[in-house]
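Each chain, letter by letter, is given below.
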Amino acid sequence: MTALLEVEDLRVAYGKIEAVKGISFTVEAGQVVTLIGTNGAGKTTTLRTLSGLLKPTSGKILFDGRPLTGVAAHKIVALGLAHSPEGRHIFPRLTIAENLQLGAFLRKDKAGIEKDIQRAYDLFPILGERRKQAAGTLSGGEQQMLAMGRALMSQPKLLMLDEPSMGLSPIMMQKIMATIAELKSQGTTILLVEQNAQAALSLADQGHVMEVGSIVLSGTGQHLLHDESVRKAYLGED
Amino acid sequence: MNTLPQQLANGLLLGSMYGLIAIGYTMVYGIVQLINFAHGEIFMTGAFGALTVYFYILPGGTSMWAAVPLMLVGGGIVAILVAVGAERFAYRPLRQAPRLAPLITAIGLSLALQEVVRNFYPGADKARAFPSLDTTHDLGSVTIKDADIFLIVAAAVCMSALAWFVRKSRTGRAMQATAQDPDTAQLMGIDTNRIIVVAFAIGGFFAAVAAVSYGLKYGNIDYRMGFLMGLKAFTAAVLGGIGNIYGAMLGGLVLGIAETMAATYINNIPGMQQLGGQSWANVWAFCLLILVLLLRPQGLLGERVADRA
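Predicted, not measured: the structure shown is a model, and the values here were computed from it.

This brings us to the overall build of chain A. Along chain A, the regular secondary structure elements total 10 helices and 10 strands. Radius of gyration (C-alpha) of chain A: 17 Å, near the 18 Å computed for a compact globule of 238 residues. Among the 238 residues that make up chain A, the fraction classed as buried is 45%.

Following this line, the structure appears as structure tokens:
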């Protein structure tokens, strides 16, 4: 079986500084794959390159059998790759409902869009209660819910989540992680970037540890969770 | 005789013209954070486009009822082409450059457009007569011309249509998203380059509407007409809060009325007898700008944004 996403020897540079130094990994349909690592490891750069916001210097990206390199960002969404960016990036002066509608910007099926908005409200009831409110007035955790709901509105084959737990209270973080688990159980394929390695690895089928632009260790989520070097470096154990 | 209603009407008319032009500054700034200093010249080319339709395309003796809409179309096409061309060939290659580069390019483009019209448009080195609509109507203590009616109706229709478009249409929604967060807008599937072109095109068309109104009202146009009108409209955009379309409309009206009032009444204040009259109008307009920048730098309807220089 061919993978939904295949990344091969991907390199990305900002000017002369190489941020991603030849990484390879795959995501199979239905899997949750996580990239973990410290700040500056190149995780966000990887996601931004996959969604077309950054151009790779070399390497191959195959999504659903098509090469993605050189495709404009706004056309990649149409292929079924949705990206919920680091820092949430909701549209602050638009309402929650308008943010969700923008997530479905390329879809034409009005009834289907309405149904999916309702689904987002079911998944995150707080969004439904505040649908007419400007998104900028939401708390950090609620904005994260909106960002995830908005990414799902494009009916993606692969959902990329960048640091969904960043800056959230422990309770809110649990909620977000529980939602990711729920999406997984519904069969959504997810590429998850997290600094919270414990939470990410517990959920993931497959995990990759990134350090200064390279993948240094790969394995199943459970395997990495019990790996000694991972426990030392990322799970805060001596 | 009470001159106040007449002066208010004059201010409102002038302000509508400023507001129409200010839309071009504010929409472009809102989306690409560029002050398009060539926008005054886009207004000017719109006027010459309309003049071309009237003198060189339409048969002599065409009624103004037929001529004005066609002049709007002609002026609109020219202004949109100039605006979109400027974006495509002058500003887009500089999208990633330091902000000063496109700004200086805009100033250069403004001079270039003036010189092209002055050198190549027949008779444009002096003022050229423009068909005017001079029939007057007395409404109580206010007298207005047909040109004024055209201006006020055109401004009201354009502004309402724009407000609807930005809030309700799919492209308008995409425009708001692009203005608020261009990278994330692309992640939604929005072609932000296309949105930028639409913003320049709308600005160009509105400038052309203002240009036709200007010609019909004042009866002549020249290659330098865009300089002061552009500067005033830019002032209006900043006054209202640059990046905000309602701000541009409001700023235009406030500026037009304030300038007219000051020019008419300020010499009644003891000790300021020398400071009234039309020759001082520009001074008062820019004084108002300075005042707003000091007291409310984000403009009347602008939002306080810390990192915008």
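Here we take up the packing of helix α1 (residues 4-32) of chain B against helix α8 (residues 192-218) of chain B. All names here are of chain B. Relative orientation of the contacting elements α1 and α8 amounts to 170 degrees, with a least axis distance of 8 Å. Comparing their axes, α8 and α1 come out roughly antiparallel. In this structure, α1 meets α8 at a crossing whose hand is left-handed.

Looking now at the confidence of the model for chain B. Model confidence for chain B is summarised by a mean pLDDT of 93, while 97% of its residues fall at 70 or above. Across the whole predicted complex the pTM is 0.92, and at the interface the ipTM reaches 0.93.

So, about α1 of chain B. Residues and elements named next belong to chain B. End to end, α1 covers 41 Å across 29 residues, agreeing with the expected 42 Å (1.5 Å per residue, within 8%). Along its length, α1 shows its largest kink, about 30 degrees, at A22. Of all 29 residues making up α1, 22 are buried, and the element is well covered by its neighbours. Two residues or fewer past α1, Q33 is found with a positive phi of approximately 50 degrees.

With that settled, the discussion passes to the UniProt feature "transmembrane region" (unreviewed entry) in chain B. In the numbering used here, UniProt assigns the feature "transmembrane region" (unreviewed entry) to residues 12-35, 42-58, 64-85, 97-113, 149-166, 195-216, 236-258 and 279-295 of chain B. Note that residues 149-166 of chain B is 100% helix and 0% strand, and that its end C-alpha atoms are spaced 26 Å apart.

Residue and element names in this part refer to chain A. Taken together, six strands build an open sheet; the order of strands is β6-β7-β8-β3-β9-β10 and the sheet is mixed. Two strands bound the open sheet, and with one partner strand each, they are β6 (81-84) and β10 (214-220). Within this sheet the neighbouring strands show an average axis-to-axis angle of 15 degrees, counted without direction. Examined bridge by bridge, strand β3 (residues 32-36) and strand β8 (residues 189-194) share five bridges and lie parallel to one another. Bridge pairing links L35 to V193 in β8. Helix α1 (residues 43-50) contacts β3, β6, β7 (158-162), β8 and β9 (206-211) of the sheet and is inclined by roughly 145 degrees relative to β7. Where helix α6 (residues 140-152) meets the sheet, it contacts β6 and β7, and its direction lies at approximately 170 degrees from that of β6.

This part covers the pairing of β7 of chain A. Residues and elements named next belong to chain A. Taking burial as the measure, the five residues of β7 include five buried ones, the bulk of the element. Judged by which residues are buried, β7 turns out to be covered on both faces: L158, M160 and D162 on one side and L159 and L161 on the other are all buried. Taken together, the four bridges between β6 and β7 define a ladder with parallel strand orientation. Residue S84 lies in a different strand from β7, and its bridge partner there is L161. Judged from the five bridges that link them, β7 and β8 form a sheet pairing that is parallel. Looking across to β8, one finds that L158 is bridged to T189.

Attention now goes to the nonpolar core. All names here are of chain B. Core analysis: the biggest nonpolar cluster contains 163 residues, and I21, A47, V209 and A210 have the highest contact counts within it. In terms of residue count, the dominant contributor to this core is α8 (15 residues). Beyond its immediate chain neighbours, meaning those up to four positions away, V209 contacts L20, L72, A154 and C158.

For the rest of this paragraph, the subject is the packing of helix α2 (residues 39-57) of chain B against α8 of chain B. Residue and element names in this part refer to chain B. At a closest axis distance of 8 Å, the pairing of α2 and α8 adopts a crossing angle of 60 degrees. Looking at the two axes, α2 sits oblique to α8. Two packed elements cross with a definite hand, and for α2 against α8 that hand is right-handed. On α8, the residues that touch H39, I42, F43, G46, A47, G49, A50 and L51 of α2 are G203, G204, A207, A208, A210, A211, V212, Y214 and G215.

Residues and elements named next belong to chain A. The antiparallel open sheet is built from four strands, whose spatial order is β2-β1-β4-β5. At either margin of the open sheet sits one strand with a lone partner, and together these are β2 (17-27) and β5 (66-67). The pairing of strand β4 (residues 58-63) with β5 spans two bridges and is antiparallel. Opposite F63, over in β5, you have R66 as the bridge partner. On top of the sheet, α1 reaches β1 (5-14), β2 and β4; it is set at about 70 degrees to β2, its chief contact.

Glancing now at the interface of chain B and chain A. It is common to report an interface's size as the accessible area lost on association of the parts. Residue-level contacts link 14 residues of chain B with 19 residues of chain A. Listed by contribution, the elements that provide at least two residues to the side of chain B that touches chain A are α6 (170-180) and α7 (182-187) of chain B. The residue makeup of the side of chain B that touches chain A, split by class, is five nonpolar, five polar and four charged.

Tracing the chain through its elements places N282 of chain B in helix α11 (residues 281-295). The spatial distance from the C-alpha of N282 of chain B to the C-alpha of A147 of chain B is 23 Å, given a sequence separation of 135 residues.

A separate point is the pairing of strand β2 (residues 136-139) of chain B. All names here are of chain B. Where β2 and strand β3 (residues 142-145) come together, four bridges link them in antiparallel fashion. Counterpart to T136 in the pairing with β3 is K145. As consecutive antiparallel partners, β2 and β3 are separated by two residues, and within that stretch G140 has a phi angle of approximately 65 degrees, a positive value.

Definitions and limits used
Residues numbered from 1 in each chain as written. Chains lettered and ligands numbered in written order. Predicted model: local features only at pLDDT ≥ 70, side-chain atom pairs only at ≥ 80, totals over all residues. Helix = DSSP H or I, 4+ residues; strand = E, 2+ residues; numbered from the N terminus. Rg over C-alpha atoms; globule rule 2.2 N^0.38 Å. Buried ≥ 20, exposed ≤ 12 C-beta atoms within 10 Å, placed from the backbone. Axes fitted to C-alpha atoms, helices over the stretch in contact; angles between N-to-C directions. Parallel < 35°, antiparallel > 145°, perpendicular 65-115°, else oblique. Left-handed = near helix turned anticlockwise from the far one by under 90°. pLDDT = per-residue confidence, 0-100. Expected span 1.5 Å × (residues − 1). Bend = angle between axes of the 7 residues up to and from the residue. UniProt positions renumbered as here; feature names shortened; annotations may be inferred. Pairing = 2+ DSSP bridges. Contact = placed C-beta atoms within 7 Å. Core = buried A, V, L, I, M, F, W, Y, C linked by C-beta atoms within 7 Å. Nonpolar A, V, L, I, M, F, W, Y, C, P; charged D, E, K, R; others polar.

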